[in-house]
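Residues per chain are reported as follows:
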Amino acid sequence: MNMIQTIDLTKRFGDFTANDHISLAVKEQEIKCIVGENGAGKSTLMNMLYGLLEPTEGKILIREKEVNLKSPTDAIANGIGMVHQHFMLIPSLTVFENILLGAEVKKHKCLIDEKTEIAKIQELIEQYHFELNPMDKIEDISVGSRQRVEILKMLYRNVDILILDEPTAVLTPQEVDELMVSLKNLKKQGKTIVVITHKLREVMELSDSVTVIKHGKVIGNMETKDTNEQELAQMMVGRNVILTVSNNNMVDEQAEIIYKADNISTVNIFGKKVVDNMSFCVRKGEILGIAGVEGNGQSELVKIMSGLMETTEGTISFHGENITNIWPKEIRNKGIGIIPEDRYAQGLCKEMSLGDNIIAGYHSRKDVCKRGILQRKAINSKRDKGIKDFDIRVGDINGAVAALSGGNAQKIIVSRELTANPDMLIACQPTRGVDIGSIEAIHKHLLDYAKKGNAVVLISSELSEIMSLSDRVIVMCKGKITGEIEPRDTNMMKVGLLMAGIHEEERNE
Amino acid sequence: GGQASNAGGTTEGSTKENASDAKIAVVCDAAGQNDNGYNQSAAKGAELCAEKYGIETKVVEPTQSIGDTLSQLAEDGYNLIFSMEYDFDALINGEAGGKPIAEMYPDTTFVVFNATPNVDETGKTIHDNVISVLYNVNESSYLAGALSVLVNENQDVLFGDAYKLTKPDTARGLGFIGGSDSDGITVFSVGYIEGAQKMAQELGVNYDFYAKYDAGFSDSATGSTVAGTYYDQGANVVYACAGAVGDGVTSKAKEVGKLAIQVDANKDDQQPGFVLTSVIKNTEVVVQSMTEALIDGKLGDFDRITTYDLGSGSTTITDLATISQHIEQTDAAKAKWQEIKDKVAQLQSDIADGKIKVTNTQNGDTFDPSTCPNISIK
Amino acid sequence: MNSTMSSKIIKIMNCILPVLMAFFVGGIVIAAIGENPFEVYWILISKALLSMTGFQNTLHYAGPMILTGLAIAITFKANIYNMGMEGSLLAGGFVAGILGAQLAGIPAIPLKFICLAAAAIFGMVYALISALLKVKFRANEMVITMMMNYALAKVLEYLATTVFRDAGNGYVCTPIVGDNAMFARIFSKSRLTLFFGIVILILVIMFVVMKKSRLGYEVTAMGKNFEFAEATGMHVGKTIIKIMLISGALAGIAGGGWMLEDQYRYTLTFSANPGLGWDGMLIALLGSHDPIGILIAAIFYAALKTGADSINMYANVPKEIISLIQALIVLFLAVKFIHEKFSFRRSAKKVKEA
Amino acid sequence: MLDSILYDCIYHSAPIILCVLGGCFAYKANVLNIALEGMMLNGAFVSVLTYFLTGNMLITVSLTLLSALIYGFVFSYFGITLKGNVIVIGLALNMVASAIAGFVLVLMNSANIIIPNFDLNALKIHIPLIENIPVIGHMISGHPIITYLSFAMILLMYILMYKTKFGVYVRVVGENEEAAKSIGIKTSFYKYAAVLIGAIGCALAGMNLSLERLGLFTNNMTASRGFIAIAAIYCGQGKPVQSAIYAILFGLARSLSVNLSIFAGNAAGLFDCIPYLVMMVVLSMASYIKHKPIKERGYKVNE
Ligand SMILES: Nc1ncnc2c1ncn2[C@@H]1O[C@H](COP(=O)(O)OP(=O)(O)OP(=O)(O)O)[C@@H](O)[C@H]1O
Ligand SMILES: Nc1ncnc2c1ncn2[C@@H]1O[C@H](COP(=O)(O)OP(=O)(O)OP(=O)(O)O)[C@@H](O)[C@H]1O
Ligand SMILES: [Mg+2]
Ligand SMILES: [Mg+2]
């Protein structure tokens, strides 16, 4: 039986067609992956299936019956649940409150029965073997846990079709593995699952069938076993893609140290030391990777390095000059470029134009700002150059960043930071949620940049990314450095142990 | 809603024989024409004139510029304009290098209240077509002060169970609440203090005097709690000169069973029995008599500074009719009450005769607290 | 969502409908008290906009509101809820009034300059206090500025009744400013003065600041996303102080100008009710924090105010009814009027509505 | 003196608490209700007018609440359904409330509405036993019912906001509207409801201020209490208990300034600043202490 079937489903936003006569079918108890470039129309399609968007044309069939989904409530009633690309959770509420939102258990007619609620959720968590504490607040738990909350939210509602929009974009490798196990379990329990992802490895490992979408149209539909990563990549991007670029330049071990962190520490709101006495240095021309399980202080470390957080102890020097706790603007002025962790929170302003975004952080420099007045012409030519040099695909050149796909938005940041020609670049999660074509491009830019004798600090939860790009990797756990490795002669196993905080020496004991 | 529109502007009476081309206007101050006070009284005067003489009258409530309103009215041919507002700069001196309005419209007579802006340093009148009207509210307040002390000292005889007055042997106090700390307000309080001093001295007692001069004119609840504090301190009478704030004071008086004094119009039955009296400032008569003079061509007879004192009846305290009904109906009380009223009447005539002189801060007198040793000002 | 054609129609309707609706509802009220609404509206329009003198007066009243509108706009646009313009305005007005009276001997042009400069400085100092509390103590600026306004009003009342009281006057006021400090009227009949020229000059400067300058860029960015602004080195704390200072200066000048061109002395009703600062807030919001929008909104609102006095004078409509109509117009306008039309380069696609 | 300071503290706090408690919900639903002032004035006005005309308390309360709901609906319709700018709408409604009251007073040709023969003392509740405790008795006993209600409501509103589905939904809608929609919560409904609760709170506040305490109405008698309430809500970040504490703090400061200014001599005029300064200082200190340990740079909207 086809659990979901769409017939000529079309969605237009004004003159723009995001989904163009999409017809596809998802069979009962299968895992279907949907792949495609950023902006191909995947989320749009799923949003229609979940009742968040109304189709312009076409039909949706659920269990072979035509349905008219007006709202998520209708979708849930039809047994469809969705985990969004951007989490739909309430940070100030607890895990159990979030899961039960909209389905509260009540006592005395109006009061919420917290005890029963907690018990119920505990049971649910155990049933699906998830690792969660129902009493934790969402704002205090890791991204992976949040994802599990989202899934439980749907499972609690007894949906038998589960849609996940880029569930792995923000997960650590371990979490990805756990998620895949969970999804396969769910499938065994009879659920039908649709997953959107950019990671072809996951597609191959997880799915029963794949659909490729490009420019809003279905361009391929096949059984997973009949295809391979390379073929999928080619279909999506329309050309041959190098799936893993590798760093093959050799860094002089005696090269000048340009960036040095000495015993830096900081605390979070609760006074907990989240960066604990870290020391490291970066040499000219090298790519230093920083690996670690998310939530072990990398974010805070990047914040310190990019001037968004203050240290409690320690010093940072750049070219021998003390730059501890200086502000982001000064950091950029010293010659350090920053690709921030959260593209839409710190790197770009969605509602501002491309031009305004391409000068952000460098808007005081003489080439775009004379006597306090911004030079529109100069900004526009800078923008046009960036778009050309970095092959950024934009619709309306005067439009806002919000209209760009994730990959292209990220390229705006890369172009901005690299054009300023810094001596060092802090690149944090540079390819998160970006499609493979763009990943390839961004990786190439980083390597070229380092090759010119510049330094890069690369922080990523994508271990393969770190391992393939870095010259040297330091591993963090609980705010401390647990080890330093040479990626070329280290196996993943060792890295994994270091990330878990187990030192080699300890293991040998 | 006919009532409102009527009050809002022109009222044309039926043509009478003695109708002339007189046109009069009343320009209200911020309190507006339904202030239960002196704007309303002036508007009433205008209305009566319209009925009586069939002339065109207008009541205006400007929100922006008083000067523009005055010149616009003069321009439109109003030949007698009463300005209730305190702002005289445009009229007398001219604004921003412009000519004074009084000078620009010599055929229009402007009547201003409560101040004498129309004299230069030597005391000479500046514009002949401006009449200042003053009320000796200091004198009527004097009576109120004297009455307050007399009533308080005789509370045992006068008042029954409905009242919960502080006994004089516990504490003696008087309260005053003013909207702003200005001569226009202190003129009331100083007269009141002097009146109280007079009786306190005669009776050989001492009073505490509590005052707040910046209560504003709109927050009745603050009026109520401030009065509450004064009553708690032992004051049995609180005199309010603060617009709507005073309404809160009378309400509090009733709540705690004590007494309040109101101002401007006769507000004795606002909280019958708990408003001891009101210090009246009647503008109706002024409007009427000046309009009559205008029609008769006798406006020139008025002094350029026309003062209405106690004798004129335009400012005084009420006839105490309302409170009288709440005095105990025993013979002793009646006799005492009569005695008090006589005493007040005596003071009134003493003032009228010039035997008693009351400080008038509005005329530039300064008040010297040491002249009132029996009243200790807190 | 719909095609472009119908969205255009919607936009046009958005501009006209609110005013028509407000006039319609107001008309019913006017008719209910037995007056002819058309006549009343005709008085409003003809006196406030069509007559030369009336229009000049409208501009005169628009002046300080343009400045307070700009003062609000530059902070609101940056998501800083500064309500301190009323206080800055009072502070500026007060100091201009005192200096204008005390230094009456100084020649006209330097004196005006001194007064306005002092007004600007006092406005800035006042704004700086709340800015510092915001930046150094992280206190909510909306609460702080509101509280400070009330406190300042009381302090000024105290000063006006004690140290700076005009002894000759029966009500609370400071001495009148000297002739040299007063802005002379341009035309004999209307109240319009050269100060309006200063206002326009400032408006032009602010236009450049808000739309062309780096600061304007930073303000826009802050308004959209504080985190982005901080991460890209705009130093939000410093920018908050900068824009609060500008806001304070603008409101201070508004107060100083209002003192020297209209009030000439500080009274307890100097900035009237609800106050030119609050008016400025309304105007900034109606004008979408855009200088041109603010200009139009201020003139429109000033016309309503000038017209109100004319209606009071020439029709039998009490001032409360006029305030009611004013309030209704504002209410209807809240539902997007000037906003869409004059707002500057807004991304056409709005966040999707689920 | 202490007696009256404490009693007045409760007197001044009650209306602000009511506004605050109502306003908290709108705050949490992410709707800035700046019309608290107007809604309170309306409550004061309608209650006194109705009682003046009918003399019936039941009709008075019903009509007052009804009129509050109308204000709430207008605010919500314009602000939520039509998506107007809520600050402008709030300011406009403040003007509307004052204009309507003013107009009716013009019709009545009076500056105030005073209910004749209205016995304020009859409305006061004297709590047996407690009444006789020295200081506390005078402070706690002898207030009218809505004053007690206001304090009781602190707890009720706390429960409503944190322990019921309704409260959770209101907060969810304010915190993440998208998320609320994604699980099928009717966000507009909760925003409307939040605003309406505010309107009711304000109506009670107005009734307390005018009818219960004074038995009279004068225009603009709310004297910016609505704005103080907004300040308290922001200080307490919309949490009912914290915000109410700020309201009480203001009431206490107000009461102190009124009562102590008797001894202030010439500086009495400056005493009225105290409540505002106290709010500023306390808020600044609280914010400072809260933010001091935070090492992260940057600001949040409405911090
Ligand atoms: N509400 C909207 N209004 C206008 N255009 C939209 C809207 N939502 C999406 N689009 C456009 O539709 C296209 C498809 O968007 P969609 O979100 O489906 O992409 P996607 O395939 O999920 O991309 P990604 O991999 O980056 O998540 C994009 O180009 C986007 O600009
Ligand atoms: N209202 C909108 N108008 C125009 N484009 C939109 C709109 N909403 C989303 N988009 C675009 O749709 C595409 C997909 O958006 P979506 O929200 O799914 O995530 P994304 O931007 O790709 O983020 P990520 O980097 O996490 O994948 C993006 O190109 C986004 O910019
Ligand atoms: Mg997507
Ligand atoms: Mg994406």
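This structure is a prediction, so every number in the text was calculated from the model and none was measured.

Participant: Tell me what's going on with the arrangement of the chains, and back it up with residues and numbers.
Facilitator: The highest contact count of any of the five pairs of chains in contact belongs to chains C and D. Separated without contact, chain A and chain B have their nearest C-alpha atoms at a distance of 38 Å.

Participant: Now, about the confidence of the model for chain C: what can you tell me, with residues and values included?
Facilitator: Summing up the model confidence of chain C, the mean pLDDT is 87 and the portion of residues at 70 or higher is 90%. Note that pLDDT drops below 50 for residues 337-354 of chain C; the model gives that stretch 36 contacts with residues more than four away or on any other chain.

Participant: Quick one: what's the story with the side chain of Asp214 of chain B, residue by residue and with numbers?
Facilitator: Relative to the assigned elements, Asp214 of chain B resides in the loop between β7 (207-212) and α9 (220-232). Given a relative accessible area of 9%, Asp214 of chain B falls into the buried group. If near-sequence neighbours (up to four positions away) are discounted, Asp214 of chain B is found in contact with Gly178, Gly179 and Ser180 of chain B, Lys154 and Glu157 of chain C together with Ala268, Gly269 and Asp272 of chain D.

Participant: Can you lay out a negative patch on the surface for me, pointing to particular residues and giving the numbers?
Facilitator: On the surface, Asp136, Glu139 and Asp140 of chain A together with Glu175 of chain D cluster together to form a negatively charged patch. Counting through the fold element by element, Asp140 of chain A comes out in the loop between α4 (114-127) and α5 (143-156). For Asp140 of chain A, a relative accessible area of 47% gives the class partly exposed.

Participant: Account for the site of ligand 2, naming residues and giving values.
Facilitator: Contacts to ligand 2 come from 15 residues, most closely from Gln85, Arg343, Ala402, Leu404 and Ser405 of chain A. Among the chains of the assembly, those with residues near ligand 2 are chains A and C. One of the backbone N or O atoms of Leu404 of chain A is found 2.3 Å from an oxygen atom in ligand 2. In isolation ligand 2 exposes 600 Å². Once the protein is present, 75% of that is buried. Tallied by class, the residues present in the shell around ligand 2 amount to four nonpolar, six polar and five charged.

Participant: Residue-level account of a nonpolar patch on the surface, with values.
Facilitator: Residues and elements named next belong to chain D. Together, Leu2, Ile133, Val135, Ile136 and Ile140 make up a nonpolar patch on the protein surface, roughly 360 Å² of accessible area in all. The greatest single-element share of the nonpolar patch, amounting to three residues, is contributed by helix α6 (residues 134-140). Position of Ile140 among the secondary structure elements: in helix α6.

Participant: Residue-level account of the sheet that holds strand β2 (residues 16-27) of chain A, with values.
Facilitator: Residues and elements named next belong to chain A. Within the open sheet, the four strands sit side by side as β2-β1-β4-β5. Their pairing is antiparallel. The sheet terminates laterally at β2 and β5 (65-67), the two strands that pair on one side only. Taking the axes of each pair of neighbouring strands and ignoring which way they run, one obtains an average angle of 25 degrees across the sheet. The sheet contacts of helix α1 (residues 42-49) involve β1 (2-13), β2 and β4 (57-62), and relative to β1 the element is tilted by about 115 degrees.

Participant: Run through the sheet that holds strand β17 (residues 321-322) of chain A, naming residues and quoting values.
Facilitator: All names here are of chain A. Here we have four strands laid out as an open sheet, ordered β14-β13-β16-β17, and antiparallel in their pairing. Strand pairing shows two members of the sheet lacking a second neighbour, β14 (273-283) and β17, which therefore form its edges. The sheet contact formed by strand β13 (residues 257-267) and strand β16 (residues 313-318) spans five bridges and is antiparallel. Bridge assignment links Lys260 to a residue of β16, and that residue is Ser317.

Participant: Give a description of the packing of aromatic side chains that names residues and reports values.
Facilitator: According to the stated counting rule, one finds 37 aromatic pairs over all chains in the structure shown. Aromatic side chains Phe76 of chain C and Tyr81 of chain C sit 5.0 Å apart centroid to centroid with 65 degrees between the ring planes, which places their arrangement in the edge-to-face category. For the ring pair Tyr169 of chain D and Tyr190 of chain D, a centre distance of 5.1 Å and an interplane angle of 75 degrees mean the geometry is edge-to-face. With Tyr169 of chain D in helix α8 (residues 165-175) and Tyr190 of chain D in helix α10 (residues 187-212), this residue pair connects regions lying 21 residues apart in the sequence. Owing to a relative accessible area of 12%, Tyr190 of chain D belongs among the buried residues under this scheme. Linked through ring pairs, Phe176, Phe188, Tyr192, Phe209, Tyr213 and Tyr239 of chain B together constitute an aromatic cluster. For Lys23 of chain B, the ring lying beneath its charged end belongs to Tyr78 of chain B, and the centroid distance is 4.6 Å. We note Lys112 of chain C situated over the ring of Phe183 of chain C; from NZ or CZ to the ring centre the distance is 5.5 Å.

How each quantity is defined
Residues numbered from 1 in each chain as written. Chains lettered and ligands numbered in written order. Predicted model: local features only at pLDDT ≥ 70, side-chain atom pairs only at ≥ 80, totals over all residues. Heavy atoms only, no water. Contact = heavy atoms within 4.5 Å. pLDDT = per-residue confidence, 0-100. Helix = DSSP H or I, 4+ residues; strand = E, 2+ residues; numbered from the N terminus. Buried < 20%, exposed > 50% of the residue type's maximum accessible area, 1.4 Å probe, protein only. Patch = residues over 30% accessible without salt bridge, like charges linked within 9 Å, V, L, I, M, F, W, Y side chains within 5 Å. Areas by Shrake-Rupley, 256 points an atom, 1.4 Å probe, with all protein chains shown as cover. Salt bridge = Lys/Arg side-chain N within 4 Å of Asp/Glu carboxyl O. Lys, Arg positive; Asp, Glu negative; His and termini not counted. Charge placed at Lys NZ, Arg CZ, Asp CG, Glu CD. Near = heavy atom within 4 Å. Polar contact = N/O pair within 3.5 Å; in protein donor to acceptor, adjacent residues only side chain to side chain. Nonpolar A, V, L, I, M, F, W, Y, C, P; charged D, E, K, R; others polar. Pairing = 2+ DSSP bridges. Axes fitted to C-alpha atoms, helices over the stretch in contact; angles between N-to-C directions. Phe/Tyr/Trp six-rings, centres within 6.5 Å; stacked < 30°, edge-to-face > 60°. Lys NZ or Arg CZ within 6 Å of the ring centre and 35° of its normal.

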